[in-house]
Amino acid sequence: MFNTPHSPTYTYKQLIKQVQMEKEEQDEDPFGLFGDDDDDDDELAASVNAMAMASSLVEAANEKIVLPHGNVTTTTTFAKRPGNDNERQREDLSSLKTLDLAWPDPIYKGKILLVSSLPLGGGRGYVASETLPPGNLILIESPMMEWPEEQLGTKLGLVSIKHLLETSNASQLVHDIEDFHPTKEHVDSHHHIDDTTDNENYEQISRMIQTLELEYSSSSEVEEDIGTEERHHQQQQQQFQHDVVVLVEIAREKGICSRDGSALTAIDILRMLLALRYNGLESGVYRHVAMLNHDDYPNCTKLFPTDGTSYSEVRTTRTVQAGENLTISYLSRVVSHASRRKLLWEQHRFDIGASHLKGERYRMELIGNKLPPSPLDGGSVEQSLTDRIESATEELEKMRTEIEASIQLSPTVSAEIYEIPKAMEQSVLELYQESKQQLENVDHIVLIPILSLHLEICATVIKDNSLSNSMQLGVLARQTLSAYRLLPLQKSLLGADHFDIARTSLDLANAVSELLSRSVKTLYELKLPSMNTFGVWSSFEQRIRKEHIRIKALYPHDAEQHTKP
Ligand SMILES: C[S@@+](CC[C@H](N)C(=O)[O-])C[C@H]1O[C@@H](n2cnc3c(N)ncnc32)[C@H](O)[C@@H]1O
């Protein structure tokens, strides 16, 4: 589950420079999409400038989205499957073996049961002990360990194990981590069993250990006739082996042993590294949260600790039936099925396959009318169309975060700085149009993060006090359109009761309400089907706002009542 943030390739300072170089004069309406008629000439010129600026930004963000050979190579590996999108694997509660790990209780545990007979890696997981409504609080837990400063933003390494061994309750942590997947019991027996065993647990453990070995094992001698890069890699591997020995020594000096009283060995240190890699989250390592399995369409979400709280909450995001496996997404972003499969394999060494893609969610993954091949099925290793769209989106997201942070930090924000989000808004719209066209699928899943990003950028742009009336109307119109397109996609992916739907509904209702009071003509110009009278737009706005209120009420801020001493 451990995910390290990448460092941004382009900083906002480079962007400012680029925008300043390209900016010729003060733009009236940089995008000229929805302005008043009398601004036409200025808008056209400004629009051309902005288009040039946007194009260069897209290029800067990533290489242009071009198909490898002018065409997408596809295979129809999976037939369209019938069935309800929300149909879930439900276990017979009476046949499940419940489990009691000797771990400290979390701060709060809802109507959930830890079971041990699930058909996936490690075999354990939490299931609902009764039907749970969306928004139901199922866990509140503080991390058993937070990441050391040196670990943040870098690949998980032995520095975290050192930190763990130096924590005041290290023995307790080491003992509890023995139960994390891969468990000490499994890893110890892995060394005594035949590698050809067909037990999924052992196979995954073999793959996990092989990955670690590939990363870190080395011959003891640094070879003479090798390149600088290879030599550097070998030196790193030797350093790693040396550090493992140092950690075994630290554990011995501090009297930190395994639960059975035996001294910690090098393989125990490696296993702990695996356990942190496969069970840790960005906000730290949690015991009970680590028992939640992954699903591409999870029924729960973990909320990050917010300012002033040290605990995390896990809540359901839709109705969960008794006996249903409670799941979260191990991935921090919405990505295509091909990327989910690849990332889960790379991070966890398990393959989610494609048999769970059904109905609307299956259609959201199609390019043209075919499911693209996965590298895991022996498909092309070439960077795919969705890879390129996703990395362009990610790059633009990083830029937005940076520019938003710099706007917030700066006490006196000059109007100049808003040229960047303005140009970025155009880039995101271009990315959206181009992606939609090349994917030949207006409902493709990768359009969700692009539209969400567009809404975020609009929220930044609209803060610019120097925007003219027509520019403000333009931003509001484009905000309306993006939220209108985003809502049905999010509903198909997340279900109608997910709190992201509440957020998008609010954005949509607010933008429409503003336009209803300032320029209903702008709403008509969107040319949305049957949306051509004040009355229709007005009742639409009320309906969407009610949706926001309804979903918001499903997620009460009730964690505090369980966390007070
Ligand atoms: C954080 S643990 C989850 C709890 C785990 N099932 C256990 O018994 O300890 C992550 C591991 O669970 C397994 N897992 C989780 N979700 C899975 C899924 N959808 N399919 C297959 N294995 C999964 C994988 O072995 C993964 O490395």
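Report on the accompanying structure. Every value quoted in this text rests on a predicted model; they were computed, and no experiment measured them.

Attention now moves to the overall build of the protein chain. A count of helices and strands for the protein chain gives 18 helices and ten strands. For the protein chain, buried positions account for 50% of its 565 residues. Long-range pairs, those at least 24 residues apart, make up 73% of the contacts in the protein chain between residues at least 6 apart in sequence. As displayed, the protein chain has an accessible area near 26600 Å², and 50% of this comes from carbon and sulfur atoms.

Let us now look at the pattern of salt bridges. With the rule as written, the count across this model stands at 29 salt bridges. Residue D387 is joined to K342 by a salt bridge in which the shortest nitrogen-to-oxygen separation is 4.0 Å. Here K342 lies in helix α9 (residues 337-348) and D387 lies in helix α11 (residues 385-409), a separation of 45 residues in the sequence. A salt bridge links R545 to E541; its shortest N-O distance comes to 2.8 Å. Placement of both R545 and E541 in helix α17 (residues 534-554) is noted, with a separation of four residues, approximately one turn of the helix. By relative accessible area, which is 24% here, R545 ends up partly exposed.

This brings us to the sheet that holds strand β1 (residues 108-109). If you trace the four strands from one edge of the open sheet to the other, you get β1-β4-β9-β8, paired in antiparallel fashion. The two strands at the open ends of the sheet, each matched to only one other strand, are β1 and β8 (300-303). Relative to strand β9 (residues 312-316), strand β4 (residues 137-141) runs antiparallel, the two being bridged by four bridges. Within β9, the residue paired with I140 across the bridge is E313.

Right, let's get into the site of the ligand. The environment of the ligand is formed by 18 residues, the closest being G121, R124, Q204, N293 and H294. The contact in question runs from an oxygen atom of the ligand to an N or O atom on the backbone of G122, over 3.1 Å. The separation between an oxygen atom of the ligand and a polar side-chain atom of H181 is 3.2 Å. Across the complex, the protein chains shield 93% of the 560 Å² of accessible surface that the ligand would expose by itself. At the level of secondary structure, the elements contributing two or more residues to the shell around the ligand comprise α8 (266-279) and β7 (293-294). When the residues that make up the shell around the ligand are grouped by side-chain class, the tally is eight nonpolar, nine polar and one charged. Split by domain, the residues of the shell around the ligand number at least three in each of domain 2 (93-142 + 289-376) and domain 3 (149-285).

In contact at an axis separation of 9 Å, helix α12 (residues 419-439) and helix α13 (residues 447-461) are set at 160° when each is read in the N-to-C sense. Considering the angle they form, α12 stands roughly antiparallel to α13. For the pair α12 and α13, the sense of crossing is left-handed. Listed contacts from α13 to P421, K422, M424, E425, V428, L429, L431, Y432, S435, K436 and L439 of α12 are L447, I450, L451, L453, H454, I457, C458, T460 and V461. Residues belonging to the contact of α12 with α13 are distributed by class as follows: 14 nonpolar, three polar and three charged.

For the rest of this paragraph, the subject is the packing of aromatic side chains. Taken as a whole and assessed by the stated rule, the structure comprises five aromatic pairs. Ring geometry for W103 and F180: centres 5.7 Å apart, planes at 75°, overall edge-to-face. Of this pair, W103 sits in the loop between α2 (40-61) and β1 while F180 sits in the loop between α4 (170-177) and α5 (184-190), and the two are 77 residues apart along the sequence. Here W103 and F180 have matching classes, each one buried. A ring pair is formed by F499 and Y555, whose centres lie 5.2 Å apart and whose planes are at 85°; its orientation type is edge-to-face. With a gap of 56 residues between them, F499 in helix α15 (residues 499-518) and Y555 in the loop between α17 and α18 (560-563) connect regions that are remote in the sequence. In this structure, F499 and Y555 share a single accessibility class: buried. An aromatic cluster is defined as three or more aromatic residues linked by ring pairs; in this entry it consists of Y484, W537 and F540. Across from the ring centre of Y297, 4.3 Å away, lies the NZ or CZ of R361, which sits over that ring.

This next bit is on unusual backbone geometry. Cis geometry is found at the peptide bond from H181 to P182, where omega equals 0°. When you line up the elements, P182 lands in the loop between α4 and α5. The phi dihedral of R349 falls on the positive side, at around 65°, and the residue is not glycine. Taking the relative accessible area as the measure of exposure, R349 reaches 16% and is therefore buried.

Let us now look at the pairing of strand β3 (residues 125-128). Alternating positions in β3 separate into two faces, G125 and V127 on one and Y126 and A128 on the other, with burial throughout. Bridge count for strand β2 (residues 112-115) against β3 is four bridges, and the pairing is antiparallel. Within β3, the position partnered with I112 by the bridge is A128.

Quick notes on the rules
- Residues numbered from 1 in each chain as written.
- Predicted model: local features only at pLDDT ≥ 70, side-chain atom pairs only at ≥ 80, totals over all residues.
- Heavy atoms only, no water.
- Helix = DSSP H or I, 4+ residues; strand = E, 2+ residues; numbered from the N terminus.
- Buried < 20%, exposed > 50% of the residue type's maximum accessible area, 1.4 Å probe, protein only.
- Contact = heavy atoms within 4.5 Å.
- Areas by Shrake-Rupley, 256 points an atom, 1.4 Å probe, with all protein chains shown as cover.
- Salt bridge = Lys/Arg side-chain N within 4 Å of Asp/Glu carboxyl O.
- Pairing = 2+ DSSP bridges.
- Near = heavy atom within 4 Å.
- Polar contact = N/O pair within 3.5 Å; in protein donor to acceptor, adjacent residues only side chain to side chain.
- Nonpolar A, V, L, I, M, F, W, Y, C, P; charged D, E, K, R; others polar.
- Domains from an automatic or database assignment.
- Axes fitted to C-alpha atoms, helices over the stretch in contact; angles between N-to-C directions.
- Parallel < 35°, antiparallel > 145°, perpendicular 65-115°, else oblique.
- Left-handed = near helix turned anticlockwise from the far one by under 90°.
- Phe/Tyr/Trp six-rings, centres within 6.5 Å; stacked < 30°, edge-to-face > 60°.
- Lys NZ or Arg CZ within 6 Å of the ring centre and 35° of its normal.

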